[in-house]
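Okay, here's what each chain looks like letter by letter:
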Amino acid sequence: MNALELFLDDGPGEVRGVVVRDGRFDRLLIQREDDVPEHRLGARCLGRIVDVHPGLKGAFVDLGAPAPLGFLPFAGKDRLNVGHKVQVEIVAEPRESKGPTLRLIGAGEGEPRLLSPGPSVAEQLAREAPGVEIVTGAPAIRAGLEAEEEALTTLHAFTDTGLDLAVQRTRALVAVDLDLSPAPGVAFGPPARARANRQGLTEAARLIRLRRWGGLVAVDLVGTVHDGAAVTAAARRAFGDDPDIVYGPVNRFGVLQLSLPWRLTPLEEALDGADGRRRPARRAQDLVRALNLRLLTDTAAPRIAVRAAPADAERAAPLVARLGPRAHLIADPALAAGTLRWEDL
């Protein structure tokens, strides 16, 4: 059985959950107070169909929430028309310009609204590993920061096998490149290539889960001649037997293709928005997390103060106030946005 560790960072404005499997970050869950609850995975809503698209084999649904609209794919012999009221469940959160994907539960009555929220981060962690203790406090904050850092790293090297791994997402697909790099004691024969491919599939699957990606995945394996059945078996062990995962064959170019279901908003969008920039609200949240970590680790200090750019300080002030009387925030026009400076009091 895999060794699991669970961490819960429940701070002002944002909750993070981290799943560590066999000492490696496996999942990073993030929920914010300003998230749209009608768009959260697992939420149930009453919606109204506002547009039907036979070409897309689905309908757009008003959930009583801010844009974008939800999309309800037709299943079987569904006959839905504009104006119909439906009960739906969120099965995939928004990404890029796409709204949430819905699953039809049945007919409904009344105005579009949230019927029940999706599971909280704490509930998701408890489902991930029932009975495992959930670690909180400073260790949980550090775990969230380290998981975020690893998730946003593209290149990964493994000196034990010589594996050189790159995982990148484009608009069309997730590209995984596996290579063997020269290293002392690393062989380049068929056993070494097979070992690197197994490790590469395991690490690629973990990083894709950590980044919350889905869609088409193309894995460029080490070498061009492969045992297709062995590669597919290794991929299934790495990515799992989810019935929504579709595994393709290894082609003559040594590329394995598979399709993963989209479920969560991609991590980079959850952190920084679709344009990749650190948003002002995110800088404020970073400030609050850093200050909270100092408060939890330096318990002897009667007060801990941090200086920040005025715009960042203004956004963070309501959240900092919730950290208690030991937390002190100073607006400093001399500092650039996103910069912090600790103050001795």
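Refer to the structure above for everything that follows.
Definitions and cut-offs
Each chain has its residues counted from 1, running along the sequence as written. The model is predicted, so local features are restricted to residues of pLDDT at least 70 and side-chain atom pairs to those at 80 or more, both for listing and for counting; the totals for chains, interfaces and linings are taken over all residues. Working from all heavy atoms in the structure, the side-chain values ignore hydrogens and water. In this analysis, the protein atoms alone were mapped onto a 1 Å grid. Cavities are point sets where a 1.4 Å probe fits without being able to get out; pockets are open sets with protein on both sides within 12 Å along at least five of seven lines; lining residues have an atom within 4 Å of a point. Grid points are joined across faces, edges and corners, and a volume is the space filled by probe spheres set on the points. Strands here are runs of E lasting at least two residues and helices are runs of H or I lasting at least four, both read from the DSSP assignment and numbered beginning at the N terminus. For this scheme, ten residues count as nonpolar: Ala, Val, Leu, Ile, Met, Phe, Trp, Tyr, Cys and Pro. Four count as charged, namely Asp, Glu, Lys and Arg, and the remainder, Gly too, count as polar. Should DSSP find at least two bridges between two strands, the strands are regarded as paired. The contact criterion used is simple: two residues touch if any of their non-hydrogen atoms lie within 4.5 Å. Between the N-to-C directions of two axes lies an angle of 0 to 180 degrees, each axis being a line fitted to C-alpha atoms and, for a helix, fitted only over the stretch in contact. Each crossing is labelled by how the near helix is turned from the far one, with a counterclockwise turn of less than a right angle marking it left-handed and a clockwise turn marking it right-handed. Put simply, a nonpolar core is a bunch of buried Ala, Val, Leu, Ile, Met, Phe, Trp, Tyr and Cys residues held in one set by side-chain atoms that sit within 4.5 Å of each other. The buried label applies to any residue whose accessible area, calculated with a 1.4 Å probe on protein chains only, is under 20% of its type's maximum; exposed applies above 50%, and partly exposed to all values in between.

So, empty space enclosed by the protein
Summed over all chains, the structure comprises one cavity of 30 Å³ or more. Roughly 50 Å³ of volume is contained in the largest cavity. Asp9, Gly11, Pro12, Glu14, Ile141, Gln285, Val288, Arg289 and Asn292 are the residues that line the largest cavity. Listed by contribution, the elements that provide at least two residues to the lining of the largest cavity are strand 1 (4–11) and helix 6 (280–297). Residue composition of the lining of the largest cavity, grouped by class: three nonpolar, three polar and three charged.

Things to note about the sheet that holds strand 1
Strand order across the open sheet formed by four strands is 3-2-1-10, with mixed pairing between neighbours. Lying at the two open borders of the sheet, with one neighbouring strand each, are strand 3 (24–32) and strand 10 (134–135). By the bridge criterion, two bridges tie strand 1 to strand 10 in an arrangement that is parallel. Bridge pairing in strand 10 places Phe7 opposite Val135. Of the strands in this sheet, strand 1, strand 2 (14–21), strand 3 and strand 10 are in contact with helix 1 (residues 121–128), which crosses strand 2 at around 15 degrees.

Section: the packing of helix 2 (residues 138–151) against helix 6
In contact at an axis separation of 9 Å, helix 2 and helix 6 are set at 145 degrees when each is read in the N-to-C sense. Of the two elements, helix 2 crosses helix 6, and the hand of that crossing is left-handed. Only Arg289, Asn292, Leu293, Leu296 and Thr297 of helix 6 make contact with helix 2, whose side of the interface consists of Ala138, Ile141, Arg142 and Leu145. Classifying every residue of the contact of helix 2 with helix 6 by side-chain character gives five nonpolar, two polar and two charged.

What about the nonpolar core?
The tendency in soluble globular proteins is for nonpolar side chains to be buried side by side. Judged by nonpolar contacts, the single largest core of 44 residues is most densely connected at Val176 and Phe239. The element that contributes the greatest number of residues to this core is helix 3 (residues 190–211), accounting for eight residues. Beyond its immediate chain neighbours, meaning those up to four positions away, Phe239 contacts Leu201, Ala205, Ile208, Arg209, Ile245, Tyr247, Leu258 and Leu260. Within the second largest apolar cluster, 16 residues are counted, among which are Ala301, Ala308, Val320 and Leu329.

Brief notes about the pairing of strand 3
In terms of burial, strand 3 is largely enclosed, as seven of its nine residues are buried. Following strand 2, the chain reverses through two residues before pairing antiparallel with strand 3; Asp22 in that reversal takes a positive phi of roughly 55 degrees.

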